[in-house]
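Topology and contacts: notes
If you want the building blocks of each chain, they are given just below.
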Amino acid sequence: MLERGEWQIISLRWVSFEIHHLKFCEIVKGFGNGEHAKLLHVVCEEVPQVTESVGKEVGPYGWLLSVGRKFGFVVHSVGQRVVEMSKTTLSQSEYKWIGAQKSKADAKRFADEADIPIKDILNLKNWNTFLSPLVLGNLPKES
């Protein structure tokens, strides 16, 4: 676990098997009691590769997403294709970084989830991104 300012970060990089991700999430649950001074930031990468479906997330990962904030967790779910992410992952993620999309299906799902016009997402270039929810100063700028 790393300490950075007011954060504690628990990170699991590239998990090749779903079982390891689930065990990681189960272990992480043990760190949260809701009474520690710092938020516990949990980074789960390549989430679509280690979740069972695009529907409701269950098990320890689903618990971290839906209940974990009451116990001091902030979950950062990272994946490349939004159409492969579960409904729970998207609905329980307050902020979404949206970059250029190669697929119209991904752009449409992001547009629906983040309430950003699909044309704006399809027009993103290179490293331009949206951060949803949109806040002042958060509109993409041309490079």
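Residues numbered from 1 in each chain as written. Predicted model: local features only at pLDDT ≥ 70, side-chain atom pairs only at ≥ 80, totals over all residues. Heavy atoms only, no water.

**Quick word on the environment of Ile121**
The condition is simple: The numbering of helices and of strands both runs from the N terminus, where a helix is a DSSP run of H or I of at least 4 residues and a strand a run of E of at least 2. Partly exposed describes any residue whose relative accessible area lies between the buried limit of under 20% and the exposed limit of over 50%, with all areas from a 1.4 Å probe on protein chains only and scaled to the type maximum. What makes two residues a contact is simply this: any of their non-hydrogen atoms within 4.5 Å.
Checked against the element boundaries, Ile121 lands in helix H6 (residues 118–122). Relative accessible area serves as the criterion here: at 0%, Ile121 is assigned to the buried category. Spatially, the C-alpha atoms of Ile121 and Asp106 are 9.5 Å apart, while their sequence positions differ by 15 residues. Not counting the four nearest positions on each side in its chain, Ile121 is found in contact with Ile98, Gln101, Ala107, Phe110, Ala111, Ile116 and Phe130.

**Points about the pattern of salt bridges**
Just so we agree on the cut-off: Salt-bridge detection follows one rule: a side-chain nitrogen of Lys or Arg within 4 Å of a carboxyl oxygen of Asp or Glu.
Summed over the entire model, instances satisfying the criterion amount to 5 salt bridges. Between Glu26 and Lys29 there is a salt bridge, with its nearest N and O atoms 3.9 Å apart. Here the residue Glu26 and the residue Lys29 both occupy positions in helix H1 (residues 18–29), the gap between them amounting to 3 residues, near one helical turn. With a shortest N-O distance of 3.1 Å, Asp112 and Lys108 are connected by a salt bridge.

**Remarks on the environment of Ile118**
In this fold, Ile118 is placed in helix H6. C-alpha of Ile118 to C-alpha of Lys104: the two residues are 14 residues apart in sequence and 8.6 Å apart in space. Setting aside its immediate chain neighbours within four residues, Ile118 contacts Lys104, Ala107, Lys108 and Ala111.

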